[in-house]
Amino acid sequence: DGLMTVDGTALTGVLRVTPASRLVAPTGALDISGLSLELADPTAFEDGRNYVVCSAPGGVMGSFRQTSLPKGWSVLMSASEVKVASRIGTTVIFR
């Protein structure tokens, strides 16, 4: 099902995600500063969607050491979860 549960707070290595992947720290916080993030198969992800890649009720700390995402994809962080998201459409900047 793509769910990975961890019992520690600080992780190292590469987090290769699929649309079904999710890294969960069931209690406490999760420090992602030792992880690199990449999409295992970018063509499997739908444009215009957000995918939760990790969550922790005690909060997500740090930022990925490195990200390898296709053009148009970005990392969105909140207090307790991290998502990858694609941007579709046109960006207009008003000044």
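Our subject is the structure that appears above.
In this report, the structure presented in the accompanying data block is examined. (Residues numbered from 1 in each chain as written. Predicted model: local features only at pLDDT ≥ 70, side-chain atom pairs only at ≥ 80, totals over all residues. Heavy atoms only, no water.)

### With respect to the overall build of the protein chain
Move 1: Of regular secondary structure, the protein chain possesses zero helices and nine strands.
Move 2: Secondary structure elements of the protein chain, listed N to C terminal, follow the sequence β-β-β-β-β-β-β-β-β.
Move 3: When contacts within the protein chain are restricted to residue pairs at least 6 apart in sequence, those whose partners lie at least 24 apart make up 58%.
Move 4: Taken as a whole, the protein chain presents about 5800 Å² of accessible surface, with 50% of it coming from carbon and sulfur. (Helix = DSSP H or I, 4+ residues; strand = E, 2+ residues; numbered from the N terminus. Contact = heavy atoms within 4.5 Å. Areas by Shrake-Rupley, 256 points an atom, 1.4 Å probe, with all protein chains shown as cover.)

### As for the packing of aromatic side chains
Move 1: If you walk through the whole model with that rule in mind, you get three aromatic pairs.
Move 2: Members of the aromatic cluster, each reached through a chain of ring pairs, are Phe45, Tyr51 and Trp73. (Phe/Tyr/Trp six-rings, centres within 6.5 Å; stacked < 30°, edge-to-face > 60°.)

### Some details on the pattern of salt bridges
Move 1: Using the criterion set out here, one finds three salt bridges in the structure.
Move 2: Between Glu38 and Arg16 there is a salt bridge; the shortest N-O distance is 2.5 Å. Here Glu38 is found in strand S4 (residues 30-39), whereas its partner Arg16 is found in strand S2 (residues 10-17), with 22 residues between them in sequence.
Move 3: Its relative accessible area of 23% is what places Glu38 among the partly exposed residues. (Salt bridge = Lys/Arg side-chain N within 4 Å of Asp/Glu carboxyl O. Buried < 20%, exposed > 50% of the residue type's maximum accessible area, 1.4 Å probe, protein only.)

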